[in-house]
Amino acid sequence: MEPLERYRPIVDDFEAFLAACRRPLGNAVRVNTIKASVERATAALEADGVAYDQADWNPQVLRLETDSPGSTWASFHGFTHGQEEVSAVPPVVLDPEPGERVWDACAAPGGKATQLSALMDDEGTVVANDSNLGRISALRFNAERLGATNLAVTNADARNYSLNAFEFDAFDRALVDAPCSCEGTIRKNPDALEDWSEDHIASVSGIQKGILRRAVQATREGGTVVYSTCTFAPEENEAVVQHVLESEDCRVVEFDLGLEHAPGLTKWDGEEFDETLERAARIYPHHNDTGGFFVAKLEVTA
Ligand SMILES: C[S@@+](CC[C@H](N)C(=O)[O-])C[C@H]1O[C@@H](n2cnc3c(N)ncnc32)[C@H](O)[C@@H]1O
């Protein structure tokens, strides 16, 4: 928990934050609407005797009272997919339409890519990319299990991603769910901070900047890019968005999130960020009894 002390000056009710970070996280699933309605999925859970609670902000997210959410009939049938509640936020903020072209730049193992497919009624295209070949097999497996047929998988470094193989020259939307220091996953993974260091944060921040820059370049004017991480470090969040605001044509836009959150920061460690960064969301574990997440929404401008 010691590394988290650096966030004492920025987190509202820091003691409640620390206490929440120490509590194990319950299990959650997302209803896979490609295969089942919420009613059908919850009926399958009830038949299995698994109690659930629907999330207030999204009825497709269910908190389950079971230690093995992957061992229910609903899961075997692909009606549900184990996914942390806050992890379901970025695709909802991206808000893709059926028929659009969407790039998921860092997609494996595919929780959000398959959610994008479902939000698009499995119509249009989700290009689900990841640079890690080992994680691609899990992405393919999840796409098949959940029946996401509009999902195409690529294996490349998103920082210099080429659109040459496609018959179009820009995506309508892009999601960058970036590799990060994973501080916000501490409730699920108590070892999450074991290898924590400021050097690692600095190095991953450079990768994040490169990926987000490419995502803005690869998205059409008027299109939308969502940037998310499961970490608290401002170097990996606001500083990354700030970097891209300075180098690419885009702006930070507001979004409505039915979840309690804090605004993005406008300064950290002597660095000042654009005031529009306040439109980003910092979701802390004590806000909604979830993991931690950062989400920013960008519009590509001329
Ligand atoms: C937070 S995880 C993505 C989780 C995924 N969006 C989901 O919901 O299942 C970050 C991913 O970024 C990938 N990654 C790391 N560096 C990358 C790069 N330069 N280009 C593309 N993907 C990268 C990692 O392999 C990892 O799978």
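Computed from a predicted structure; not experimentally measured.

A few words on the UniProt feature "binding site: S-adenosyl-L-methionine" (unreviewed entry) in the protein. The feature "binding site: S-adenosyl-L-methionine" (unreviewed entry), as annotated in UniProt, sits at Cys 106, Ala 107, Ala 108, Pro 109, Gly 110, Gly 111, Lys 112, Asp 130, Asp 157 and Asp 177 in this numbering. Here Pro 109 is to be found in the loop between strand S5 (101–104) and helix H5 (111–119). The exposure class of Pro 109 is partly exposed, given its relative accessible area of 39%. Of note, Lys 112 is situated in helix H5. Among all residues touching Lys 112, those that are not within four sequence positions of it are Gln 83, Ser 87, Pro 90, Pro 91, Asp 104, Leu 175, Asp 177 and Phe 293.

This brings us to a negative patch on the surface. Taken together, the side chains of Glu 246, Asp 269, Glu 271, Asp 274, Glu 275 and Glu 278 define an acidic patch exposed on the protein surface. Note on placement: Asp 274 falls in the loop between strand S13 (271–272) and strand S14 (281–283). On the basis of relative accessibility, which here comes to 34%, the residue Asp 274 falls in the partly exposed class.

So, about the nonpolar core. One finds Tyr 7, Phe 17, Trp 103, Leu 212 and Val 241 to be the most contacted residues of the largest nonpolar core, which totals 48 residues. The contact partners of Leu 212, leaving out residues within four places of it in the chain, are Val 176, Val 225, Tyr 227, Val 240, Val 241, Val 244 and Leu 298.

With that out of the way, let us pick up the environment of Val 93. The residue Val 93 is located in helix H4 (residues 89–94) in this model. Residue classification places Val 93 among the buried residues on the basis of a relative accessible area of 5%. Between the C-alpha atom of Val 93 and that of Pro 285, which follows or precedes it by 192 residues, the distance is 19 Å. Apart from the residues within four sequence positions on either side, Val 93 is in contact with Val 226, Phe 255, Leu 257, Val 295 and Lys 297.

On to the site of the ligand. Of all residues adjacent to the ligand, which total 21 residues, the nearest are Asp 130, Arg 135, Asp 157, Ala 158 and Asp 177. Between the ligand and Gly 110 there is a distance of 3.1 Å, counted from an oxygen atom to a backbone nitrogen or oxygen. One of the side-chain nitrogen or oxygen atoms of Asp 157 is found 2.9 Å away from a nitrogen atom of the ligand. Out of a free accessible area of 600 Å², the ligand has 86% covered by protein chains. Residues of the shell around the ligand, tallied by class, amount to 10 nonpolar, 5 polar and 6 charged.

Locating Glu 248 in the fold gives a position in the loop between helix H8 (238–247) and strand S10 (250–253). Put simply, Glu 248 is tucked away with no salt bridge, and the nearest opposite charge, on Arg 213, sits 4.4 Å away. At a separation of 3.3 Å, a polar atom in the side chain of Glu 248 contacts the side chain of Gln 217. Apart from the residues within four sequence positions on either side, Glu 248 is in contact with Arg 213, Val 216 and Gln 217.

Right, let's talk about the pairing of strand S9 (residues 219–229) for a bit. The buried count for S9 comes to 8 of 11 residues, which makes it a mostly enclosed element. Sheet topology places strand S8 (residues 171–177) next to S9; 6 bridges connect them, and they run parallel. Across the sheet, the residue bridging to Val 176 is Tyr 227, located in S9. By the bridge criterion, 6 bridges tie S9 to strand S15 (residues 293–300) in an arrangement that is antiparallel. The residue bridging Val 225 from the neighbouring strand is Leu 298, located in S15.

Cut-offs applied
Residues numbered from 1 in each chain as written. Predicted model: local features only at pLDDT ≥ 70, side-chain atom pairs only at ≥ 80, totals over all residues. Heavy atoms only, no water. UniProt positions renumbered as here; feature names shortened; annotations may be inferred. Helix = DSSP H or I, 4+ residues; strand = E, 2+ residues; numbered from the N terminus. Buried < 20%, exposed > 50% of the residue type's maximum accessible area, 1.4 Å probe, protein only. Contact = heavy atoms within 4.5 Å. Patch = residues over 30% accessible without salt bridge, like charges linked within 9 Å, V, L, I, M, F, W, Y side chains within 5 Å. Areas by Shrake-Rupley, 256 points an atom, 1.4 Å probe, with all protein chains shown as cover. Salt bridge = Lys/Arg side-chain N within 4 Å of Asp/Glu carboxyl O. Lys, Arg positive; Asp, Glu negative; His and termini not counted. Charge placed at Lys NZ, Arg CZ, Asp CG, Glu CD. Core = buried A, V, L, I, M, F, W, Y, C linked by side-chain atoms within 4.5 Å. Near = heavy atom within 4 Å. Polar contact = N/O pair within 3.5 Å; in protein donor to acceptor, adjacent residues only side chain to side chain. Nonpolar A, V, L, I, M, F, W, Y, C, P; charged D, E, K, R; others polar. Pairing = 2+ DSSP bridges.

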